[in-house]
Amino acid sequence: MAPVIISFVSDMERQNCRVAENEAGKVLEDEGYYVQIPDKKADYAEFENPEFRSLGNCIRFRSIFLTAICIALIMCLSLLICLSQPGLAPSKSVKDTAWSKQSASKFLMPSIIKGESLPSFADERTSFHFQPERNWMNDPNGPMFYKGYYHYFYQYNPDAAVWGNITWGHSVSTDLIHWHHLELALVPDQWYDVEGVWSGSATILPDGKPVILYTGSSNESLQSQNKAVPEDLSDPLLRKWVKVSQNPMLVPPPGIGHTDFRDPTTAWLESDGLWRIAIGAKEGTTGLALVYKTSDFLNWTLQRSFLHQIAGTGMWECVDFYPVSLTGTNGLDTSKVQGNQLVKHVLKASLGSNKHDYYTIGTYSTDLKTFVADDPTRDVGLGLRYDYGKFYASKTFYDPAQERRILWGWANESDSQLDDIKKGWASVQTIPRTLVLDHDTGSNLLQWPISELDSLRGDKVVKQDILLDGGAMLKVDGASGAQLDIEVTFKYPDVQTLDVPLEQKECVCSQGGAAQRGVFGPFGLLVLAADDLVEQTAVYFYLTLRPNGKWMTTVCSDQSRSSLAKGIDRTVYGTSINIAPKENFLSLRLIVDHSIVETFVQQGIACITSRVYPTLAVERDAHVLLFNNGSESIAMHTLEIWQMSNA
């Protein structure tokens, strides 16, 4: 993936997403990094420190100086906080009695609450999501299964909690939940990758040997494709990797910019005996996937036609390409798909323009070596997304041990770069998800947390058949905590018997969030909610009647009231979903792990990931509530909540 420009910007510039930060300024001529002093210096007490301010408006981070500056900053900031903050108050006791009923008017508080609250960064670190022990992480790279171990590589800065000095981190697991961190797999030590060992993939050859293909960025920012192989194939942990002498194997072809050629896919073998890979690129504003073929993973030929292209989508990063079965639920190895097998293919691209992952389902022509989407209106960049929240640069792999396809995705932070430096780490990966084709529609994927996650489930609370009147809010006894797995099912409202005016306002998640009032909704769950609800993360449904007489179902994840802390992203994420005629229910599954909430809607037809940073609603002071902010009653059928153990 392309570099992230590091800057500190004002809260106003950070209103909706981190893209504004990444584009706030320009890189220095020698490609260093800079810190832009906030417009509102009063929002960040650290800038009142003369030592910090004396560094000036442009602070360059290069090699070993980056580490030294970060350490000095952390020490100074820690001292300031200790001197200015009063003693910590004792934890509040939580006395769970019967279901407590509160007014849904609690939602009507302002989205951004005035006043100051300093987060405890220890409460933000996840307990069962993948993350390194410290420092910056971004894209998932080269996941594979080898000799009994799952291998997971990732973009990593071993020196600081900001982007830079990108290497390949490496961890192994036997269950995709409990991980053992190993030494770095690939480091930027060659002229062709001295500016970063960027994203790539792993391929297991027919003889069982793994091969890594990755993008390197040279000191002139030339992007190239390179190969690495294990030093010792007998080592199941694959702790040492060697870059081949033939690197770089591929450089941008004519018509492709030298910074627009990256992130090779896992290779697939076709019936002609040749291996193929796709590489993300662009021509002008047209995003596209190039295809190269080879017999030996050293000598490559560019295919004349693109695998696929879509005008106006910009750079395609982290392209992925794989088959899904039309008849079963097992995953498929791209190299073992037969020509007469009943499959569809999925093409996915991460769009650098808006930092979202889009996918489309269609047909791959083994004759033309091109891909055609089934529905052009939902092609790459135009329709479906893996996740409608904080999720980017994803990567799948085929797991031969369980015959499934597994999806990894990067969940970036929603706080400030300065907060990341303070806490010493940045980013987590979402829980690995299984992917299958939705056989009811044939037009979308279903995503679900891997079954191994269930092994962390502990104490369980169950509630059934509760009617939520309009405006109701019910606290769930015994379900407090910041590590939860929640499944809830609501009966689909009887919309036909209600006389509702056609002139209903369509639900837009970002316009009011859970504080909106409608007929059917918002209704759903509050998680990571403080005692007085000054902090809360709402995940909910909202039904509205369209002018054509059909009901539209929207699902939203509202992080606008998730934290009293300053300088964080308060976006309300969401999407509309299609409810099948046979479905008389609405369901949610929430994975809550301190600073991340992953939502799976209607058995996986849509997903939303949010990053939240509560300051009061932590540990046993974080509560779960059912709510209905609509005017009509909603029937909750089943609610199951598990406490989750540490991984």
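Calculation notes
- Residues numbered from 1 in each chain as written.
- Predicted model: local features only at pLDDT ≥ 70, side-chain atom pairs only at ≥ 80, totals over all residues.
- Heavy atoms only, no water.
- Helix = DSSP H or I, 4+ residues; strand = E, 2+ residues; numbered from the N terminus.
- Contact = heavy atoms within 4.5 Å.
- Areas by Shrake-Rupley, 256 points an atom, 1.4 Å probe, with all protein chains shown as cover.
- 1 Å grid on protein atoms, 1.4 Å probe; cavity = no way out; pocket = protein on both sides within 12 Å on 5 of 7 lines; lining within 4 Å.
- Points joined across faces, edges and corners; volume = space filled by probe spheres on them.
- Nonpolar A, V, L, I, M, F, W, Y, C, P; charged D, E, K, R; others polar.
- Buried < 20%, exposed > 50% of the residue type's maximum accessible area, 1.4 Å probe, protein only.
- Disulfide = S-S within 2.5 Å.
- Phe/Tyr/Trp six-rings, centres within 6.5 Å; stacked < 30°, edge-to-face > 60°.
- Lys NZ or Arg CZ within 6 Å of the ring centre and 35° of its normal.
- Pairing = 2+ DSSP bridges.
- Axes fitted to C-alpha atoms, helices over the stretch in contact; angles between N-to-C directions.
- Core = buried A, V, L, I, M, F, W, Y, C linked by side-chain atoms within 4.5 Å.

Caption draft 1: Structural detail: the overall build of the protein chain. Within the protein chain, the secondary structure is distributed over four helices and 37 strands. Taking the contacts inside the protein chain whose residues are at least 6 apart along the sequence as the reference set, 66% of them involve residues at least 24 apart. With the model as given, the accessible surface of the protein chain reaches about 25,600 Å², and the carbon-plus-sulfur share is 52%.

Caption draft 2: Empty space enclosed by the protein, seen in detail. Applying the stated criterion across every chain, the model contains three cavities of 30 Å³ or more. The space that makes up the largest cavity amounts to roughly 70 Å³. Lining the largest cavity we find 13 residues, and of these G200, S201, C318, S394 and K395 sit closest to its centre. Counting residues per element, the ones that place at least two in the lining of the largest cavity are strand 2 (135-146), strand 6 (197-204), strand 16 (316-325) and strand 20 (392-399). Taken together, the residues of the lining of the largest cavity break down into five nonpolar, five polar and three charged.

Caption draft 3: Layout of the side chain of R276. Tracing the backbone shows R276 in strand 12 (residues 275-283). For R276, a relative accessible area of 3% gives the class buried. Those residues in contact with R276, other than ones at most four positions away along the chain, are T266, A267, W268, E270, V291, Y292, K293, Q303, Y364 and K369.

Caption draft 4: A look at the environment of D438. Along the polypeptide, D438 turns up in the loop between strand 24 (433-437) and strand 25 (445-449). With a relative accessible area of 7%, D438 lands in the buried category. Among residues more than four places away in sequence, those in contact with D438 are S443, N444, L445, L446 and I605.

Caption draft 5: Spatial organisation of the state of the cysteines. Scanning the model with the defined rule gives one disulfide in all. What pairs with C509 in a disulfide is C556, and their sulfur atoms sit 1.9 Å apart. The S-S bond linking C509 to C556 shows a torsion near -70°; that makes this disulfide left-handed. In this pair, C509 sits in the loop between strand 28 (483-491) and strand 29 (520-529) while C556 sits in strand 31 (residues 551-558), placing the two residues 47 residues apart along the sequence. Across this residue pair, the class does not change: C509 and C556 are buried.

Caption draft 6: Structural detail: the packing of aromatic side chains. Here the structure, examined in full by the defined rule, presents 32 aromatic pairs. Summarising the aromatic geometry, the rings of F261 and Y292 are spaced 6.2 Å apart at their centres and angled 65° between planes, so their arrangement reads as edge-to-face. Residue F261 is located in strand 10 (residues 261-262), and its partner Y292 is located in strand 13 (residues 286-294); the two are separated by 31 residues in the primary sequence. Overall, F261 belongs to the buried group, its relative accessible area being 0%. A cation over an aromatic ring shows up here: R125 above the ring of W425, its NZ or CZ 5.5 Å from the ring centre.

Caption draft 7: Local environment of the sheet that holds strand 16. Strands sit in the order 16-17-18-19 across an open sheet of four strands; the sheet is antiparallel. Edge positions in the sheet fall to strand 16 and strand 19 (370-373), since each of these pairs with one other strand and no more. Each strand of the sheet is rotated relative to its neighbour by a mean of 40°, with strand direction disregarded. By the bridge criterion, eight bridges tie strand 16 to strand 17 (residues 343-351) in an arrangement that is antiparallel. By the bridge assignment for strand 17, D320 is matched with K348.

Caption draft 8: Fine view of the pairing of strand 20. Most of strand 20 sits inside the fold, with seven of its eight residues counted as buried. Pairing of strand 20 with strand 21 (residues 404-411), which is carried by six bridges, proceeds in the antiparallel orientation. Its bridge partner lying in strand 21, Y392 is registered against W410. If you look at the hairpin formed by strand 20 and strand 21, you'll find four residues sitting between the two strands, and E403 has a positive phi there, around 50°.

Caption draft 9: Molecular detail of the nonpolar core. The biggest cluster of nonpolar side chains holds 57 residues, and the ones touching the most others in it are I486 and F541. Tallying contributions element by element places strand 29 first for this core, with five residues. Formed by 21 residues, the second largest nonpolar core is a distinct cluster that contains I177, L453, I591 and F600.

Caption draft 10: Up close: the sheet that holds strand 9 (residues 241-243). Taken together, four strands build an open sheet; the order of strands is 6-7-8-9 and the sheet is antiparallel. The two strands at the open ends of the sheet, each matched to only one other strand, are strand 6 and strand 9. The mean inter-strand angle of the sheet, taken between neighbouring strand axes irrespective of direction, is 30°. Relative to strand 7 (residues 210-217), strand 6 runs antiparallel, the two being bridged by six bridges. Bridge pairing links I204 to P210 in strand 7.

Caption draft 11: Highlighting unusual backbone geometry. P248 follows N247 through a cis peptide bond whose omega is -5°. Assignment of secondary structure puts P248 in the loop between strand 9 and strand 10. Geometrically, the link from G521 to P522 is a cis peptide bond, its omega value of 5° lying close to zero. Tracing the backbone through its elements, the reader meets P522 in strand 29. The backbone of L528 sits at a positive phi, close to 50°, despite the residue not being glycine. On the secondary structure map, L528 appears in strand 29. The phi angle at L533 is positive, at roughly 65°, despite the residue not being glycine. Inspection of the secondary structure assignment puts L533 in the loop between strand 29 and strand 30 (537-545).

Caption draft 12: Spatial organisation of the environment of Q155. When you line up the elements, Q155 lands in strand 3 (residues 149-157). Using a relative accessible area of 1% as the deciding quantity, one classes Q155 as buried.

Caption draft 13: Just the pairing of strand 30, in detail. Counted residue by residue, strand 30 has nine buried out of nine residues, so it is predominantly covered. Along strand 30, one buried face is formed by T537, V539, F541, L543 and L545 and the opposite face, lined by A538, Y540, Y542 and T544, is buried too. Pairing of strand 29 with strand 30 involves six bridges; the strand directions are antiparallel. What sits directly across from V527, in strand 30, is T537. Across eight bridges, the pairing between strand 30 and strand 31 is antiparallel. Counterpart to F541 in the pairing with strand 31 is V555.

By themselves, these figures tell us nothing about what the structure is for.
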